[in-house]
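Each chain, written out:
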Amino acid sequence: MTPSSASTAQAPNNDFYAAHDKLYVATDCIIFGFDDGDLKLLIFKRRVEPDSGIWSLIGSFVKIDEDVDEAARRVLKEITGLEAIYMEQSKTYGKAERDPGYRCISVAHYALMRINDHDRELTQSHGAFWYTLQEIPKLALDHTEMVSDALDKLRRRARYQPIGFELLPEKFTIPQLQKLYESIYQRELDPRNFRKKVLSLKVLVKLDEKDKSGSKRGAYLYRFDSEKYQELLESGYNFEI
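Criteria and cut-off values
Residues numbered from 1 in each chain as written. Predicted model: local features only at pLDDT ≥ 70, side-chain atom pairs only at ≥ 80, totals over all residues. Heavy atoms only, no water. Patch = residues over 30% accessible without salt bridge, like charges linked within 9 Å, V, L, I, M, F, W, Y side chains within 5 Å. Areas by Shrake-Rupley, 256 points an atom, 1.4 Å probe, with all protein chains shown as cover. Salt bridge = Lys/Arg side-chain N within 4 Å of Asp/Glu carboxyl O. Lys, Arg positive; Asp, Glu negative; His and termini not counted. Charge placed at Lys NZ, Arg CZ, Asp CG, Glu CD. Helix = DSSP H or I, 4+ residues; strand = E, 2+ residues; numbered from the N terminus. Polar contact = N/O pair within 3.5 Å; in protein donor to acceptor, adjacent residues only side chain to side chain. Contact = heavy atoms within 4.5 Å. Buried < 20%, exposed > 50% of the residue type's maximum accessible area, 1.4 Å probe, protein only. Pairing = 2+ DSSP bridges. Axes fitted to C-alpha atoms, helices over the stretch in contact; angles between N-to-C directions. Parallel < 35°, antiparallel > 145°, perpendicular 65-115°, else oblique. Nonpolar A, V, L, I, M, F, W, Y, C, P; charged D, E, K, R; others polar. Core = buried A, V, L, I, M, F, W, Y, C linked by side-chain atoms within 4.5 Å. Phe/Tyr/Trp six-rings, centres within 6.5 Å; stacked < 30°, edge-to-face > 60°. Lys NZ or Arg CZ within 6 Å of the ring centre and 35° of its normal.

As annotated in an unreviewed UniProt entry, the protein carries the name NUDIX domain-containing protein and comes from Leeuwenhoekiella parthenopeia.

S.K.: Any details on a negative patch on the surface? Residues and values, ideally.
M.R.: Together, Asp-65, Asp-67, Asp-69 and Glu-70 make up a region of like negative charge exposed at the surface. For Asp-65, the location among the structural elements is in the loop between strand 4 (58-61) and helix 1 (68-80).

S.K.: If you had to explain the side chain of His-118 to someone new, which residues and values would you point to?
M.R.: Looking at where His-118 falls in the secondary structure, it is placed in the loop between strand 6 (104-114) and helix 2 (120-125). Polar contacts involving the side chain of His-118 include one to the main-chain carbonyl oxygen of Ile-115, which spans 2.4 Å. With near-sequence residues (within four places) excluded, His-118 lies in contact with Thr-80, Leu-82, Met-113, Thr-123 and Trp-130.

S.K.: Pulling in residues and values, what's your account of helix 5 (residues 191-200)?
M.R.: Where helix 5 begins, the side chain of Asp-190 points an oxygen toward the backbone nitrogen of Arg-192, at a separation of 3.3 Å. Positive phi appears at Lys-202, one or two residues downstream of helix 5, with a value of about 55 degrees.

S.K.: So what's going on with the pairing of strand 6? Residues and values would help.
M.R.: A large share of strand 6 lies buried, amounting to nine of its 11 residues. In this sheet, strand 6 lies alongside strand 5 (residues 86-93) in antiparallel orientation, the contact comprising seven bridges. Bridge assignment links Tyr-93 to a residue of strand 6, and that residue is Ser-106.

S.K.: Which residues make up the packing of helix 4 (residues 174-185) against helix 5, and what values go with them?
M.R.: The geometry of helix 4 relative to helix 5 is characterised by a closest axis approach of 10 Å and an angle of 100 degrees between their N-to-C directions. Relative to helix 5, the element helix 4 lies roughly perpendicular. Residue-level inspection shows Ile-174, Leu-177, Gln-178 and Tyr-181 of helix 4 in contact with helix 5, the latter providing Pro-191, Phe-194, Arg-195, Val-198 and Leu-199. For the contact of helix 4 with helix 5, the per-class residue count stands at seven nonpolar, one polar and one charged.

S.K.: Provide a residue-level description of the nonpolar core, including the pertinent values.
M.R.: Formed by 42 residues in total, the largest nonpolar core has its most connected members in Ile-30, Phe-32, Leu-177, Tyr-181 and Leu-204. For this core, the elements supplying multiple residues, two or more each, are strand 1 (24-35), strand 2 (38-45), strand 6, helix 3 (143-160), helix 4, helix 5, strand 9 (219-224) and helix 6 (226-235). Ranked by size, the runner-up nonpolar core spans 17 residues in total, among them Leu-76, Ala-111, Ala-128 and Trp-130.

S.K.: Give a detailed account of the packing of aromatic side chains, specifying residues and quantitative values.
M.R.: Taken as a whole and assessed by the stated rule, the structure comprises 14 aromatic pairs. With centroids separated by 5.0 Å and ring planes inclined at 40 degrees, the aromatic side chains of Tyr-24 and Phe-61 adopt a geometry described as tilted. Here the residue Tyr-24 occupies a position in strand 1, and Phe-61 occupies one in strand 4, the gap between them amounting to 37 residues. Here the aromatic cluster, defined as three or more aromatic residues joined through ring pairs, consists of Tyr-181, Tyr-185, Phe-194, Tyr-237 and Phe-239. The ring centre of Phe-165 lies 5.9 Å from the NZ or CZ of Arg-114, which sits over that ring. Above the ring of Tyr-220, the side-chain terminus of Lys-210 is found at 4.7 Å from the ring centroid.

Written out as structure tokens, the structure is:
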């Protein structure tokens, strides 16, 4: 949990369910960022028992007066300084024994962000750091399962909806876009097939600029056509690669 995990909101005066058992509701955030050709995860060392000092997803208890999604957005803002980033619910975890601290269910959310956009000093002040998927250490509680499930959901989304607007810089090359998909799928893709497939979607706008950081010849830069991108988000497609 983040330092703000304790709720200060007042409980409602009328509790019609006072005779029944109580439990906690939490949200844990799987925050993905893309940087230097790698998909990365933001984690920190847990500051409360159980599992204090163990690497953990960043989360919070849901306050009595806030929606679950609002709690997740609060966590994201507190840890990154950002508000307008992509986020959606991943899965709810409710096994009775999942948290030895007390009976607690967690509604996991995954978020996508450009790493360069966030407030690095704010993030580091919370003791949070980015790890590539290959470097992720053992995580507290059932957080490793949460990451795995969120990745599966992200891969399914990449199959039927465009990915990249939330993770890539405004201008990018097709090889950079391919690197993003390879990071998500955790396998290499054929460059010719990928280029042909992605250009067929007509969601990219070719620019009269080149990125020459990789070679003298350079690679043309592209940007997303935001209107077409939104259309594909709504209609979907089959991006089998």
